[in-house]
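# Descriptive analysis of the structure
Next come the chains, spelled out residue by residue.
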Amino acid sequence: MSKAVQQQIGNIALVVENYDDAIDFYTKKLQFVLIEDTDLGAGKRWVQVSPPNSNGTNLLLAQASTTEQAQCVGNQTGGRVFLFLQTNDFWRDYQLMKANGVVFNEEPRVEAYGTVVVFQDLYGNKWDLLQLNNAPKTRA
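Read on for a plain summary of the structure. Residue positions are counted from 1 within each chain, in the order its sequence is given. Under the rules for a predicted model, residues below a pLDDT of 70 receive no local features and side-chain atom pairs below 80 are neither given nor counted, while totals for whole chains, interfaces and linings still include all residues. To obtain the side-chain values, all non-hydrogen atoms of the structure were used and water was disregarded.

### Here we look at helix α1 (residues 19–29)
How we decide: Partly exposed residues are those whose accessible area sits between 20% and 50% of the maximum for their type, while under 20% is buried and over 50% is exposed, using a 1.4 Å probe and protein chains only. Each helix is a run of H or I in the DSSP string that is no shorter than four residues. Each strand is a run of E no shorter than two, and both are numbered from the N terminus. As used here, the arc belongs to the directions running from the helix axis to the C-beta atoms. The contact criterion used throughout is that any non-hydrogen atoms of two residues lie within 4.5 Å. For the purposes of these results, a polar contact is taken to be a pair of N or O atoms within 3.5 Å, where, inside protein, one atom must be able to donate a hydrogen and its partner to accept one; residues adjacent in sequence count only when each atom of the pair is a side-chain atom.
When α1 is considered as a whole, its buried residues turn out to be Y19, A22, I23, F25 and Y26. Taken down its axis, α1 places every buried residue within 165° of arc, on the same side. Considering only its buried residues, α1 is in contact with β1 (11–16), β2 (33–41), β3 (44–50), β4 (58–63), β8 (114–120) and β9 (126–132). Its side-chain oxygen at 2.9 Å from the backbone nitrogen of D20, N18 defines the N-terminal cap of α1. In the stretch just after α1, Q31 is the one whose phi turns positive, near 65°.

### Concerning the pattern of salt bridges
For clarity, the threshold we go by: A carboxyl oxygen of Asp or Glu within 4 Å of a side-chain nitrogen of Lys or Arg is what we treat as a salt bridge.
The tally for this structure, following the rule as stated, stands at 6 salt bridges. Among the salt bridges present, the one from D93 reaches R92, with a minimum N-O distance of 2.8 Å. Residue classification places D93 among the buried residues on the basis of a relative accessible area of 17%. Accessibility expressed as a relative area gives 38% for R92, which makes it partly exposed. Ionic pairing is found between E106 and R109, a salt bridge with its closest N-O pair at 2.2 Å. Overall, the relative accessible area of 26% leaves E106 in the partly exposed class. Each of D20, D37 and R45 takes part in a single network of salt bridges with overlapping partners.

Such coordinate-based values are descriptive only and should not be taken to indicate function.
Laid out in structure tokens, this is it:
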């Protein structure tokens, strides 16, 4: 009997200008958790952050080490929305992020699939903050 295929995306690499600035943004402005920050030597670190109570997919913050990498910081997807931060309470997270100085590209809107707004990280990468219609609601 063969084992069923079981896979998941463990990390998504995000090229950043500076480890500490990126850690500060994600942990303070977005309330992410610092999962790991390990010195690998020669100026490299293994830095993982994740939204609170996430399912195990982490952002791997990778400091640009070449000119080519540095040119991609803030524009890893050619100006499209890059990452989708799903939440169970859109308005709670939107208000917290707004209070923390996160830059929003638009006003929140309701779509057929849920409530969404585009925001930027510290380098200008576009994200969606998104509460899907079928997401469990937070109790007050």
